[in-house]
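Reading the structure
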Amino acid sequence: MKRFQGKVVIVTGASAGLGQGACLRLAEEGANLVLVATNEEKLKHTEDLIKDINPKAQTLIVKADVGKEEEVKNYVDKTMEKFGRIDGFFNNAGIEGKQNLTENYTAEEFQRVVDINLNGVFYGMKYVLKVMHEQGEGAIVNSASVGGIRGVGNQSGYSATKHGVVGLTRNSAVEYGQYGININAIAPGAIMTDMVEGSLRQMGGDDWEAVGKEFVKPNPMQRFGKVEEVAGVVAFLLSKDAGFINGQVLPIDGGQSYKY
């Protein structure tokens, strides 16, 4: 199925994890992709993986720190210069930050997480929505988290920013539905990515794998999610199949957020 044949999709955080996984799924379905992250070498690796899947896919690499408005504007401008339109946007780049009790969480660390996770999502929406508004169509998927729909502990910055992403998603969905644009968010739980591994290492050091096994025991499915499982949901929400889904925040967590 080639739901994205001839379509242009921007993916931030495309160098690894959920961003890279989404790029590969979208490439399978025919998308042309704009790859955005801070590590150009890793972006080139993602590009190589895309070409292995779909040699005909057109790609554009843009190095950008999403916490800086001018760099976000630049990746949108570069996309328009090359492709002339934006059909989909996976607004995904984010960091966890250091784990700490709120009283010990530094203002500097809090600001760093806000700059990337919340401001970066807002800047992306600000500039991409202008394009989609003029086009009269488009789809956006923002990366929230289960930490954006409930507390998780020791992650003041992360949880606050992901709750903010949920608010931005719902507010903008109300504003832009009338213009043929649907805006949704995903709320992944424990998906086995480099970021989640880093979080487990913060908790367990070299014994992080044993910590991980304990971590997923309360999950109804008793396992970590897979990157490709999230990628399939992102592709659906960016496709015309999800054309009447708007303002939703979809947990991808094996049912854990609904467990008492």
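Look a little higher up for the structure.
Read on for an overview of the structure. (Residues numbered from 1 in each chain as written. Predicted model: local features only at pLDDT ≥ 70, side-chain atom pairs only at ≥ 80, totals over all residues. Heavy atoms only, no water.)

1. Re the nonpolar core
In terms of nonpolar packing, the biggest core is built from 38 residues, with I10, V34, Y75, V128 and I183 touching the most fellow members. When residues of this core are traced back to their parent elements, those giving at least two are β1 (8-12), β2 (32-37), β3 (59-63), α3 (69-83), α4 (107-135), α5 (156-176) and β6 (181-188). Considering every element that reaches this core, the biggest residue donor is α4, with 10 residues. In this structure, I10 is in contact with V34, V36, Y75, T79, I86, G88, F89, F90 and V128, ignoring residues within four places of it in sequence. Judged by nonpolar contacts, the second largest core, of 31 residues, contains C23, I50, A139 and A235. (Core = buried A, V, L, I, M, F, W, Y, C linked by side-chain atoms within 4.5 Å. Buried < 20%, exposed > 50% of the residue type's maximum accessible area, 1.4 Å probe, protein only. Helix = DSSP H or I, 4+ residues; strand = E, 2+ residues; numbered from the N terminus. Contact = heavy atoms within 4.5 Å.)

2. Topic: the packing of helix α1 (residues 17-28) against helix α8 (residues 227-238)
To describe two helices that pack against each other, one gives the angle between their axes and the distance between the axes. It is at 8 Å that the axes of α1 and α8 come closest, and there the two elements cross at 60 degrees. On the basis of their axis angle, the class for α1 and α8 is oblique. Every pair of crossing elements has a handedness; the one defined by α1 and α8 is right-handed. Touching G17, L18, G21, A22, R25 and L26 of α1 are V227, V230, A231, G232, V234, A235 and L238, all from α8. (Axes fitted to C-alpha atoms, helices over the stretch in contact; angles between N-to-C directions. Parallel < 35°, antiparallel > 145°, perpendicular 65-115°, else oblique. Left-handed = near helix turned anticlockwise from the far one by under 90°.)

3. Considerations on the pattern of salt bridges
As enumerated under the stated definition, the model contains 11 salt bridges in all. Measuring nitrogen to oxygen at the nearest pair gives 3.5 Å for the salt bridge that ties E134 to K130. Taken together, the positions of E134 and K130, both in helix α4 and four residues apart, correspond to about one turn of that helix. Across this residue pair, the class does not change: E134 and K130 are exposed. One salt bridge in this structure joins R223 and E229, with 2.8 Å as the shortest N-O distance. Take E229: its relative accessible area is 33%, and that puts it in the partly exposed class. Salt bridges sharing common partners tie together R3, R25, E29 and D241. (Salt bridge = Lys/Arg side-chain N within 4 Å of Asp/Glu carboxyl O.)

4. Notes on the pairing of β3
As paired strands, β2 and β3 are joined by five bridges and run parallel to one another. Each residue of the ladder has a partner; that of V34, found in β3, is L60. Between β2 and its parallel partner β3, the chain crosses via helix α2 (residues 40-53), and the hand of that crossover is right-handed. (Pairing = 2+ DSSP bridges. Right-handed = clockwise from strand over helix to strand, strands pointing away.)

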